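Structure at a glance
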Amino acid sequence: MTTSAATGTHTIPTQAYCTLEHFNHELDSLFPHTWLFACLKLELEGKHHYGLRLGATEILLQIDDQGLPRAFLNVCTHRHAKLCDPGQHKGPIRCPYHSWVFNRQGIPTGIPQKTAFPHVVVAPEKYRLKEFPCEIVGQFIFVRLSSQGQDLREYLGHQYDFLERASDGMNKVLDEFQENVDANWKVVIENSLEGYHVPAVHNRTFGQVEGMSQEADAPIFFLEDRLHSHLEHAANSEWVNRFSRMEKKIGKWPWRFEHYTHRLIFPNLTVTSFMGYSFHIQRFDPLSTDLTKVHSRTVGVEFSNGTLTGEKIMERIHTDGHDFTRKVFLEDGEICRKVQAGISQTARPATFGNGIEDRVKHFHGAYLSQTPALRKP
Ligand code: FES
Ligand SMILES: [Fe+2]
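Presented here is an overview of the structure given in this document. (Residues numbered from 1 in each chain as written. Chains lettered and ligands numbered in written order. Predicted model: local features only at pLDDT ≥ 70, side-chain atom pairs only at ≥ 80, totals over all residues. Heavy atoms only, no water.)

Comments concerning the coordination of the iron ion (ligand 2)
- In the first shell of the iron ion (ligand 2), the protein supplies His197 (NE2), His202 (NE2), Asp332 (OD) and Asp332 (OD), at 2.1 to 2.5 Å from the metal.
- Motif for the iron ion (ligand 2), donor spacing along one chain: H-x4-H-x129-D. Of the two residues, His202 is situated in the loop between α6 (198-201) and α7 (203-207) and Asp332 in helix α9 (residues 308-343); the sequence distance between them amounts to 130 residues.
- Its relative accessible area of 1% is what places His202 among the buried residues.
- Classification of Asp332 as buried rests on a relative accessible area of 13%. (Donors = N, O, S within 2.8 Å, 3.2 Å for Na, K, Ca; no water. Helix = DSSP H or I, 4+ residues; strand = E, 2+ residues; numbered from the N terminus. Buried < 20%, exposed > 50% of the residue type's maximum accessible area, 1.4 Å probe, protein only.)

A word on the sheet that holds strand β10 (residues 108-110)
- Across the sheet, which stays open at both edges, the 3 strands sit in the order β8-β9-β10 with antiparallel pairing between neighbours. Every other strand in the sheet has two partners, leaving β8 (93-94) and β10 as the edge strands with one partner each.
- By the bridge criterion, 2 bridges tie strand β9 (residues 101-102) to β10 in an arrangement that is antiparallel. Considered in β10, the bridge of Val101 is made with Gly110. (Pairing = 2+ DSSP bridges.)

Notes on the environment of Glu190
- Within the secondary structure, Glu190 is located in helix α5 (residues 185-192).
- Under the relative-accessibility criterion, Glu190 is labelled buried at 14%.
- The sequence separation of Glu190 and His295 amounts to 105 residues, and the corresponding C-alpha distance is 16 Å.
- Sequence-distant contacts of Glu190, defined by excluding residues within four places in its chain, comprise Ile12, Tyr17, Val360, Phe363 and His364.
- Of the polar contacts made by the side chain of Glu190, one reaches the side chain of Tyr17; its length is 2.5 Å. (Contact = heavy atoms within 4.5 Å. Polar contact = N/O pair within 3.5 Å; in protein donor to acceptor, adjacent residues only side chain to side chain.)

Concerning the packing of aromatic side chains
- Under the criterion given, the structure shown has 19 aromatic pairs.
- Note on Trp185 and Phe363: the rings are 6.1 Å apart at their centroids and 90° apart in plane angle, and the pair reads as edge-to-face. You can see Trp185 sitting in helix α5 and its partner Phe363 sitting in helix α10 (residues 358-370), a full 178 residues away along the chain. Taken individually, Trp185 and Phe363 each receive the classification buried, so the pair is uniform in this respect.
- What links up through ring pairs into an aromatic cluster is the set Trp239, Phe243, Trp253, Phe274, Tyr277 and Phe303.
- When the ring centre of Tyr17 is taken as origin, the NZ or CZ atom of Lys186, which lies over that ring, is 4.8 Å away.
- Note that Arg263 overlies the ring of Phe162, its terminal NZ or CZ placed 3.8 Å from the centroid. (Phe/Tyr/Trp six-rings, centres within 6.5 Å; stacked < 30°, edge-to-face > 60°. Lys NZ or Arg CZ within 6 Å of the ring centre and 35° of its normal.)

Written out as structure tokens, the structure is:
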């Protein structure tokens, strides 16, 4: 543990970004005790099931007969084949090896040549897929790999109400991409937590963005939650008025606010939105010490009382937004790669600017609070 003289806060040691030992420690001791964001409920609807890797564990998600999301180990209880590949799949879970079919509660209910398996037929629930705690707030489905721990509401603190309200009227994924970044997951998260790098890294891209207040003190940071943080940055009044003038055409959406917000829900989810007319949701999957997969979705919300022209206007706003998001993502990916190249060369701890890097500092505190092995006296 490193103590910064200027701030009295604690800094994650550089080797925690670079060594396989630390990476494995995170997989074994950090991720299992947090709630990990998995996917959105709307991505499971229509009898889909969904494969993904959370930490070191292959997970399969689906909605059960009661309408609740359930998370299972993505491994067949017959002879261990992985049941599905990552992503969304239609229909019931069918094992690719001998075609056992599992119902929505994870119980094998379709077994070819079942007379050979009287022990399974008589008590199929004994061969149910291993299950993990799975909870939902609004559209956001979270999984905990450990059977013990806080419930989701307690874990999310102030972010619970935000996720619930943001989910109001969320109806479709407008844009989606998955890309790898050549950096440790913490480098990628930290990059998303400050705007200090914007003039250097995104000087041309952000120059074209309208709508944000330009006052130097505009963003407000919220650091009350021990693990999570967010900011709100007021929208400029001209942009708000423009939306008000367009209201007859574009209609209304469920939760209109007059700022930009960026939220980190520790450890693997960020949610951003400008004025609430869509939400940009990113899941960060650590693949190795220096490789992170980012799964990015922009999710739209339902508009009411709009016109066809209004729909076209919003489509254009969204398309511009998608292009912007991808450009920014590539610029951030490139700088994260350079940070990773540098961080592996030094044991010298990072130093943080007051105010502008408070959320990065908060993330370091959150991370260290969850990784006691790094907290030496
Ligand atoms: S391993 Fe799955 S049905 Fe045999
Ligand atoms: Fe950036």
